[in-house]
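Examining the three-dimensional arrangement
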Amino acid sequence: THFGFKTVAKEEKVAKVAEVFHSVAQKYDVMNDVMSFGIHRLWKRFTIDCSGVKKGQTILDLAGGTGDLTAKFSRIVGETGHVVLADINESMLKVGRNKLRDLGVVGNVSYVQANAEALPFPDNYFDCITIAFGLRNVTDKDAALKSMFRVLKPGGRLLVLEFSKPVFDPLSKIYDLYSFHILPKMGKVIAQDEDSYRYLAESIRMHPNQETLREMMQSAGFTQTEYFNMTGGIVALHRGFKF
Ligand code: SAM
């Protein structure tokens, strides 16, 4: 039946995502810098700037991986605030925890292994939730957005940073060439892992475009949803509020 088919496809994706991130965890930060020419740092800085996060607040960095956003939030919220880095993947969490500890980011950060589709937190708990380059990897995105809505405080905001659709054709063509041909080769040379970086390109291609993701956020309950294209729409930051 088509139900059976759907289940298999879903389990396959979950297994593939787990395999990819176990495999890339150790080289993840280096690869990010190399593949994006360092630009991911700017995308993340812009995300922080749009977060409105203040001292004393409680933040969820979902699919937080190696913790770039967590480190920044930890400094902003200070001793009276708290940042939860949640990720489904043990290897990514481990690399993240070690990295942040080495950077001296301790005291107001905790680490939780969790699936974005079923967050293990109380209702109305976080002032702000970020999910950076994570939603693409989640199988049931609608369930994940609903789960984020539930744990966000009224007045709180969600920020989704993700690859999106380039806004003009020539850029699209160059970008496709880059992601499907050059990127897997870079993965092979730098991380000895061509396959994972091929998955990356495919998952970017499959991900909903700017307007579709905005509508999905609206359906999950978020209001005043909007998005900001960066680097010609290669990446977009979506923002929505819970009221
Ligand atoms: N946020 C970090 C950053 O921007 O550098 C890490 C992004 S990394 C590309 C994607 C992360 O999403 C991985 O660490 C992966 O384990 C995590 N992830 C994938 N599926 C998930 C799920 N269902 N729930 C929570 N995290 C998930």
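As annotated in an unreviewed UniProt entry, the protein carries the name Ubiquinone/menaquinone biosynthesis C-methyltransferase UbiE and is attributed to Thorsellia anophelis DSM 18579. The annotation that UniProt attaches to the protein under Sequence similarities (unreviewed entry) is "Belongs to the class I-like SAM-binding methyltransferase superfamily. MenG/UbiE family." Among the UniProt annotations of the protein, the heading Function (unreviewed entry) holds the following wording: "Methyltransferase required for the conversion of demethylmenaquinol (DMKH2) to menaquinol (MKH2) and the conversion of 2-polyprenyl-6-methoxy-1,4-benzoquinol (DDMQH2) to 2-polyprenyl-3-methyl-6-methoxy-1,4-benzoquinol (DMQH2)."

As for the site of the ligand
Taken together, the neighbourhood of the ligand is formed by 19 residues, with Ala63, Gly65, Asn89, Ala116 and Ala132 sitting nearest. Across the shell around the ligand, the residue classes tally to 9 nonpolar, 7 polar and 3 charged.

Digging into helix α3 (residues 40-49)
For α3, the full list of buried residues reads Trp43, Lys44 and Thr47. Seen end-on, α3 carries its buried residues on one side only, within an arc spanning 95°. Exposed and oriented more than 90 degrees from the buried face of α3 are Arg41 and Asp49. Against α4 (68-77), β4 (126-132), β5 (152-163), β6 (223-230) and β7 (235-241) lie the buried residues of α3.

Observations regarding the sheet that holds strand β3 (residues 109-113)
Read from one edge of the open sheet, 7 strands run β3-β2-β1-β4-β5-β7-β6, paired in mixed fashion. In this open sheet, the two edge strands, each paired with only one partner strand, are β3 and β6. Within this sheet the neighbouring strands show an average axis-to-axis angle of 15°, counted without direction. Relative to the sheet, α4 contacts β1 (58-62), β2 (82-87), β3 and β4, its axis offset from that of β2 by approximately 165°. Against the sheet, helix α5 (residues 90-102) contacts β2 and β3, and its axis sits at roughly 170° relative to β3.

Thresholds applied
Residues numbered from 1 in each chain as written. Predicted model: local features only at pLDDT ≥ 70, side-chain atom pairs only at ≥ 80, totals over all residues. UniProt positions renumbered as here; feature names shortened; annotations may be inferred. Near = placed C-beta within 6 Å. Nonpolar A, V, L, I, M, F, W, Y, C, P; charged D, E, K, R; others polar. Buried ≥ 20, exposed ≤ 12 C-beta atoms within 10 Å, placed from the backbone. Helix = DSSP H or I, 4+ residues; strand = E, 2+ residues; numbered from the N terminus. Arc of directions from axis to C-beta. Contact = placed C-beta atoms within 7 Å. Pairing = 2+ DSSP bridges. Axes fitted to C-alpha atoms, helices over the stretch in contact; angles between N-to-C directions.

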